[in-house]
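Breakdown of the fold
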Amino acid sequence: MPRVSEEHLERRRQQILDAAQQCFSRKGLHAATMQDVFAEAGLSAGAVYRYFKSKDDIITALTTEATSGLRQALTEAVRQDPLPTPPELVRTIAYVITDLSQPGGPVRLIPQAWALALTDPNIGDYVRSNIGGIRRMWSEYAIRMREEGWLPEDADIDAVAKTLMGILPGFILQHLILGDTSPDDIAKGTELLFPHYRRAGEVV
């Protein structure tokens, strides 16, 4: 396929996703319809369905975009050398979340996708896979914490990962719904809860 055709197809696909993002941000994932997406994109039903077979396909694509930035930022932070402390890591990812959760931002769709996952098997499969992937990154971080001496040698890595996993979704909900929680708040709280970590070789 000629390069110009590939670029055209990608632009059209992104046009549809951008239109859907606006519709879902205004009306919510439940209330917005495919007809709303057609109108927002200025395209016929056939043009949209060429790229996405259903509303679920669009939701999956948008939530993939929304979470990919967070997952990439978490992966990069977890694999840094030296390893960031828990407050440093949480603050870094929380700032990424705030950047992506401005009005109309992709992170605003994430809690809605969580809610849909409870009743929609197609969305549920995707959300479970995504959450599992993110939790594996927290497991990698917990292993590195143990190697740094921040956790006991016999620490239950699975339990630590599951606990750390809960911090950022909680931040997303508080930031979006209560509007009074900042990255510095979540970092300060994390520091108070994890007071005994230290850099390798440091004396405490």
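Residues numbered from 1 in each chain as written. Predicted model: local features only at pLDDT ≥ 70, side-chain atom pairs only at ≥ 80, totals over all residues. Heavy atoms only, no water.

**Quick notes on the nonpolar core**
The following threshold applies: Nonpolar core, defined: a set of buried Ala, Val, Leu, Ile, Met, Phe, Trp, Tyr and Cys residues in which side-chain atoms within 4.5 Å join the residues together. Only protein chains enter the accessibility calculation, which uses a 1.4 Å probe. A residue is then buried if its area is under 20% of the maximum for its type, exposed if over 50%, and partly exposed in between. By definition, any uninterrupted DSSP run of H or I lasting at least four residues is a helix, any uninterrupted run of E lasting at least two residues is a strand, and each is numbered from the N terminus. By definition, residues are in contact when any of their heavy atoms lie within 4.5 Å.
Core analysis: the biggest nonpolar cluster contains 32 residues, and L74, L89, I97, W138 and Y141 have the highest contact counts within it. Counting only elements with at least two residues in this core, the list comes to α4 (55-78), α5 (86-100), α7 (121-148), α8 (157-165) and α9 (167-178). In contact with L89, not counting residues within four places along its chain, are L74, A77, V78, P84, W138 and Y141. Within the second largest apolar cluster, 26 residues are counted, among which are L17, M34, L62 and Y126.

**A look at the pattern of salt bridges**
Using the following cut-off: In the sections that follow, a salt bridge refers to a side-chain nitrogen of Lys or Arg positioned within 4 Å of a carboxyl oxygen of Asp or Glu.
This structure, assessed with the given rule, holds six salt bridges. Between K27 and D36 there is a salt bridge, with the nearest N and O atoms lying 3.2 Å from each other. A salt bridge links R128 to D125, with the nearest nitrogen and oxygen atoms 2.7 Å apart. A residue pair is termed a helical-turn pair when its members lie 3 or 4 positions apart in one helix, as R128 and D125 do in helix α7 at three residues. R128 sits in the exposed class, given a relative accessible area of 53%. The exposure class of D125 is partly exposed, given its relative accessible area of 48%.

**Some remarks on the confidence of the model for the protein chain**
Quick reminder of the rule: Each residue carries a pLDDT score, the predictor's confidence in it, ranging from 0 to 100.
Counting all residues, the mean pLDDT for the protein chain is 90, and 94% of those residues have values of 70 or more. Within the protein chain, no element has a lower average pLDDT than helix α1 (residues 3-27), which sits at 88, and none a higher one than α8, at 96.

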